[in-house]
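Here are the chains, one letter per residue:
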Amino acid sequence: AFYIDELVFPDVVLKGEERGDDVWFGFASPDLTGEVALPGGELMSIDLAHVRLPVAEAEAAMIKGIELDLDGDPISVEVGRALPRAEVNVARLDLGEDPFGAWRFVIDPSEDEVVFSPFSADVNGVHITQSRLVWDLARNVTSFEGAIDLDDLAETLPKWDYAPSLHTEAARLEVDSKWEGSPANVSLLGISGELRFTGENGRFADVQTGQGGLRIMSLLNLSTVLSRIGGDFSDVRGSGITFKSLDAPVFLDRGLLEFRDRLVMDSTASNFEIGGRVHLDSGELDNELIVTLPVSDSLPWYSAYLALANPLLGLGVLVGERVLRKPIQQ
């Protein structure tokens, strides 16, 4: 067996070589395959083709996005202070039986902090590129700054145990945030900072977000919102609200999501703006919604035009209000 602190990898075939100050060794097992190079006085290289880490059921659920209150940070500051300067490439990471993507970063430790930069990852439809992760060991606070590109959210959200409530042709999340503890201690309700979500050519699907859904999606599921207003928006809703572009700059503060600037969604038929705040822990909403609806067969503005252009043709329309009253009320 091969031991790394409390980690145990059984049935490892190990081979190595030493030439002067340079040391190299490789290993192969069902749970750990790769090689490590320690060139004398230079950057250590850790290149893993596959690594499987044991994970408790509760931790696996937290990783998938379910809100849990776990006791303690999974990584201590002492581990951070012991990290070497190294370039790390993990081609395939498994957490228990669940695949958790590929990871690439450079570890640059100093006395009071560890910098992981450039930091990149590809995991379950989420692509982090050329980002910067800093672990402040003195305060035990982690900060992240970078961009996250997302595959079609209809396919990505279920991989994180969320309902497929949104389809996107392109989506990106720009993040400048921090949280208490180590990099592994990140959770949705613990993050503070600024985020900006942008999406292109998408559609909100009509799904039940109460089970396995992001609470904020119930706010953004505008098809449901419009149905509660009580008007006839069937020509706008269709099979779900579609949009050409969506821009949502928000501020997160440990479970409170606030729209500092309104979310703006340019739909193929209408425009929507959302402001206010969302309490992610309780699901409480305090928002305003502005909807700009299109001119359609249900709202015949040509009748008013006729009344002005040709009073004789429009007289019956204006006197009776039989055409305009109901659509305008809607």
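Residues numbered from 1 in each chain as written. Predicted model: local features only at pLDDT ≥ 70, side-chain atom pairs only at ≥ 80, totals over all residues. Heavy atoms only, no water.

### Focus on the side chain of Ser177
And then number 1: Secondary-structure assignment places Ser177 in strand S14 (residues 166-180).
And then number 2: Aside from chain neighbours lying at most four places away, what touches Ser177 is Thr142, Ser143, Phe144, Ile191, Ser192 and Gly193. (Helix = DSSP H or I, 4+ residues; strand = E, 2+ residues; numbered from the N terminus. Contact = heavy atoms within 4.5 Å.)

### Notes on the environment of Ser45
And then number 1: Residue placement: Ser45 occurs in strand S6 (residues 44-53).
And then number 2: For Ser45, a relative accessible area of 29% translates into the label partly exposed.
And then number 3: C-alpha separation for the pair Ser45 and Val106, spaced 61 residues apart in sequence, amounts to 9.3 Å.
And then number 4: In this structure, Ser45 is in contact with Glu35, Val36, Ala37 and Glu87, ignoring residues within four places of it in sequence. (Buried < 20%, exposed > 50% of the residue type's maximum accessible area, 1.4 Å probe, protein only.)

### Remarks on the nonpolar core
And then number 1: Among the nonpolar cores identified, the biggest contains 57 residues, and Trp103, Phe116, Phe119, Phe144, Phe197, Leu246 and Met265 are the most heavily contacted of them.
And then number 2: For Phe144, the residues in contact, after removing those within four places along its chain, are Phe119, Ile128, Ser131, Arg132, Leu133, Val175, Asp176, Ser177 and Trp179. (Core = buried A, V, L, I, M, F, W, Y, C linked by side-chain atoms within 4.5 Å.)

### Things to note about the pairing of S6
Both faces of the sheet carry side chains from a regular strand, because those side chains alternate between them.
And then number 1: Of the strand pairs in this sheet, strand S5 (residues 32-38) and S6 are connected by six bridges, and their pairing is antiparallel. Across the sheet, the residue bridging to Leu32 is Val51, located in S6.
And then number 2: Between S5 and S6, which follow one another and run antiparallel, lie five residues, and Gly41 among them has a positive phi close to 75 degrees.
And then number 3: With five bridges joining them, S6 and strand S7 (residues 86-90) adopt parallel strand pairing. By the bridge assignment, Ile46 is partnered in S7 with Val88.
And then number 4: As paired elements, S6 and strand S8 (residues 93-95) share three bridges and run parallel to each other. Pairing of Arg52 across the sheet is with Asp94, part of S8. (Pairing = 2+ DSSP bridges.)

### Let's talk about the confidence of the model for the protein chain
And then number 1: On average, the protein chain scores 79 in pLDDT, and the residues at 70 or more come to 72%.
And then number 2: Segment residues 65-70: pLDDT under 50, and 13 contacts once partners within four positions in sequence are set aside and those in other chains are kept.
And then number 3: pLDDT under 50 marks residues 297-303. Its contacts with residues more than four places away, or in other chains, come to eleven contacts. (pLDDT = per-residue confidence, 0-100.)

### Here we look at the side chain of Ser29
And then number 1: By the secondary structure assignment, Ser29 is in the loop between strand S4 (22-28) and S5.
And then number 2: For Ser29, the contacting residues outside a window of four places in its chain are Pro10, Asp11 and Val12.

### Here we look at unusual backbone geometry
And then number 1: In the segment running from Ser117 into Pro118, the intervening peptide bond is cis, with an omega of -5 degrees.
And then number 2: Relative to the helices and strands, Pro118 resides in strand S11 (residues 113-123).
And then number 3: Phi at Gln130 is positive, roughly 45 degrees, even though this residue is not glycine.
And then number 4: With respect to the helices and strands, the residue Gln130 is situated in strand S12 (residues 126-136).
And then number 5: Of the residues examined, Gln130 reaches a relative accessible area of 63% and is grouped as exposed.
And then number 6: Its identity is not glycine, yet Asn201 carries a phi of approximately 45 degrees, on the positive side.
And then number 7: Of note, Asn201 is situated in strand S15 (residues 192-204).

### Comments concerning the environment of Trp103
And then number 1: Mapped onto the elements, Trp103 comes out in strand S10 (residues 102-109).
And then number 2: It is 6.0 Å that separates the C-alpha atoms of Trp103 and Asn89, two residues lying 14 residues apart in sequence.
And then number 3: For Trp103, the contacting residues outside a window of four places in its chain are Val88, Asn89, Val90, Leu93, Phe119, Ser120, Ala121 and Val123.
And then number 4: Among the polar contacts made by the side chain of Trp103, one reaches the main-chain carbonyl oxygen of Phe100 at a distance of 2.7 Å. (Polar contact = N/O pair within 3.5 Å; in protein donor to acceptor, adjacent residues only side chain to side chain.)

### Focus on a negative patch on the surface
And then number 1: On the surface, a cluster of negative charge is contributed by Glu18, Asp21, Asp22 and Glu42.
And then number 2: Structurally, Glu18 can be placed in strand S3 (residues 13-19). (Patch = residues over 30% accessible without salt bridge, like charges linked within 9 Å, V, L, I, M, F, W, Y side chains within 5 Å. Areas by Shrake-Rupley, 256 points an atom, 1.4 Å probe, with all protein chains shown as cover. Salt bridge = Lys/Arg side-chain N within 4 Å of Asp/Glu carboxyl O. Lys, Arg positive; Asp, Glu negative; His and termini not counted. Charge placed at Lys NZ, Arg CZ, Asp CG, Glu CD.)

### Side note on the packing of aromatic side chains
And then number 1: Counted by the stated rule, this structure contains six aromatic pairs.
And then number 2: Centroid distance Phe100 to Trp160: 5.9 Å. Interplanar angle 70 degrees. Geometry classified as edge-to-face. Note that Phe100 is positioned in the loop between strand S9 (98-99) and S10 and Trp160 in the loop between helix H3 (153-159) and S14, a separation of 60 residues in sequence. There is no split in this pair, since Phe100 and Trp160 are both buried.
And then number 3: Both rings, one in Phe105 and one in Phe119, keep their centres 5.8 Å apart while their planes meet at 25 degrees; by these two values the pair is stacked. Of this pair, Phe105 sits in strand S10 while Phe119 sits in strand S11, and the two are 14 residues apart along the sequence.
And then number 4: The exposure class assigned to Phe105 is buried, which follows from its relative accessible area of 16%.
And then number 5: Phe119 sits in the buried class, given a relative accessible area of 9%. (Phe/Tyr/Trp six-rings, centres within 6.5 Å; stacked < 30°, edge-to-face > 60°.)

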